[in-house]
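Report on the structure
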Amino acid sequence: MSRRKIVAGNWKMNLDLTEAAEWLAEVDAGLQSDNCDVLVFPSFILIGDLMDMYEGEQILFGAQNCSNKESGAFTGEVSAAQLASVGVEYVIIGHSERRDHFGETNQMLKEKIQRALKNELTPIFCCGEPFEMRNENKQQEFVKQQLEESLLGFSAAAMAEIIIAYEPVWAIGTGLNATPEQAQEMHAFMRSQIAAKYSEDLAQQIRILYGGSCKPDNAKELFSCADVDGGLIGGSSLMAKDFLAIINKIG
Ligand code: PEP
């Protein structure tokens, strides 16, 4: 089965409106072909303005997070329904920075996925092991638990709407990427877990991105792994020219 690849830029808490607008213009002008889905995840405050100013079609917009609550007295939070109301289509759920700095648990992430799906947002569910787990060769055990507790309770129809990003914590923002072999092994493992729970067909349909120090000079070999369907890019998505260079590595 051929899965359309994705290159997604997670800006984290970077770029102001002027910088973001320049980025958008430069990336839009630099896109050479429709070789993959191009997604960008600005800070909440910028998304509406950027979507309003964007006249192209190829760049799709997402949020970096959403609340696990429907609505109500949760100061500072943004709900999935609010994101959907301004036309956002994607939402990152379970980034390791959210798990580590804001105490997000597998159970909370399951609730966030529920909210996102209910509002017709496509969740990009992030998972991945910390360094200690990789060091003890327990990475599969660790990721299996993340999948089981957040994801594998959903119906097959819901699962079919979800994108997964394998992001080993030790590779995020460290300059130390997983090798293509390590990425391929984990992506195949995750697909096998989905196949065991649902079906081989569904496992082959779901897109699984790699994230963690992906840059122009390692993207090609990571993206050419059989089970890697593109990348979630942090640091290297901030400069339009690097992001475009990564997009151009998609075959
Ligand atoms: C990320 O934040 O999702 C990420 C992959 O970051 P970086 O590319 O900077 O490692």
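A brief look at the structure comes next. What you see is a predicted model; the values in this text were computed from it and never measured.

Take the state of the cysteines next. Put plainly, a disulfide is one covalent bond tying together the sulfur atoms of two cysteines. Per the counting criterion, the structure on display carries zero disulfides. Between Cys66, a cysteine without a disulfide, and Cys126, which holds the nearest cysteine sulfur, the sulfur-to-sulfur distance is 12 Å. In this structure Cys66 comes out as buried when scored by relative accessible area, which is 1%. Cysteine Cys225 shares no disulfide, and the gap to the nearest cysteine sulfur, in Cys214, comes to 11 Å.

The next point concerns the environment of His101. Along the chain, His101 falls in helix α4 (residues 96-102). In this structure, the C-alpha to C-alpha distance between His101 and Ala25, residues 76 residues apart in sequence, is 32 Å.

This part covers unusual backbone geometry. For Lys12, which is not a glycine, the phi torsion comes out positive at approximately 55°. Positionally, Lys12 belongs in the loop between β1 (6-10) and α1 (17-30). Positioned with a positive phi, Asn137 is a non-glycine residue whose angle comes to about 55°. Relative to the helices and strands, Asn137 is located in the loop between α6 (131-135) and α7 (139-150).

Within the closed barrel, the eight strands sit side by side as β1-β2-β3-β4-β5-β6-β7-β8. Their pairing is parallel. Recorded for the sheet is a direction-independent mean angle of 25° between the axes of neighbouring strands. As defined by bridge partners, strand β7 (residues 208-211) adjoins strand β8 (residues 230-233) across two bridges and the pair is classed as parallel. From the neighbouring strand, Tyr210 faces β8, where its bridge partner is Gly231.

Bringing the pairing of β1 into the picture now. Summarising burial for β1: five of the five residues are buried, a large majority. What you see with β1 is no split at all: Ile6, Ala8 and Asn10 on one side and Val7 and Gly9 on the other are buried throughout. The pairing of β1 with strand β2 (residues 37-41) spans five bridges and is classified as parallel. Following the sheet pairing, Ile6 is matched in β2 by Asp37.

What you see with strand β4 (residues 90-93) is no split at all: Tyr90 and Ile92 on one side and Val91 and Ile93 on the other are buried throughout. For strand β3 (residues 59-63) and β4, the ladder comprises two bridges, and the chain directions are parallel. Among the inter-strand pairings, Ala63 is bridged to a residue of β4, identified as Val91. Crossover handedness for the path β3 to helix α3 (residues 80-85) to β4: right-handed. Pairing geometry for β4 and strand β5 (residues 122-127), over four bridges, is parallel. The partner of Ile92 across the bridge, within β5, is Ile124.

Moving on, we come to the environment of Met133. Note on placement: Met133 falls in helix α6. Its relative accessible area of 23% is what places Met133 among the partly exposed residues. Along the chain, Met133 and Pro168 lie 35 residues apart, while their C-alpha atoms are 9.9 Å from each other.

There is a patch of like negative charges on the surface, built from Asp16, Glu19, Glu22 and Glu26. Among the secondary structure elements, Glu19 is positioned in helix α1. On the basis of relative accessible area, Glu19 is assigned to the partly exposed category, the value being 39%.

About the criteria used
- Residues numbered from 1 in each chain as written.
- Predicted model: local features only at pLDDT ≥ 70, side-chain atom pairs only at ≥ 80, totals over all residues.
- Heavy atoms only, no water.
- Disulfide = S-S within 2.5 Å.
- Buried < 20%, exposed > 50% of the residue type's maximum accessible area, 1.4 Å probe, protein only.
- Helix = DSSP H or I, 4+ residues; strand = E, 2+ residues; numbered from the N terminus.
- Pairing = 2+ DSSP bridges.
- Axes fitted to C-alpha atoms, helices over the stretch in contact; angles between N-to-C directions.
- Right-handed = clockwise from strand over helix to strand, strands pointing away.
- Patch = residues over 30% accessible without salt bridge, like charges linked within 9 Å, V, L, I, M, F, W, Y side chains within 5 Å.
- Areas by Shrake-Rupley, 256 points an atom, 1.4 Å probe, with all protein chains shown as cover.
- Salt bridge = Lys/Arg side-chain N within 4 Å of Asp/Glu carboxyl O.
- Lys, Arg positive; Asp, Glu negative; His and termini not counted.
- Charge placed at Lys NZ, Arg CZ, Asp CG, Glu CD.

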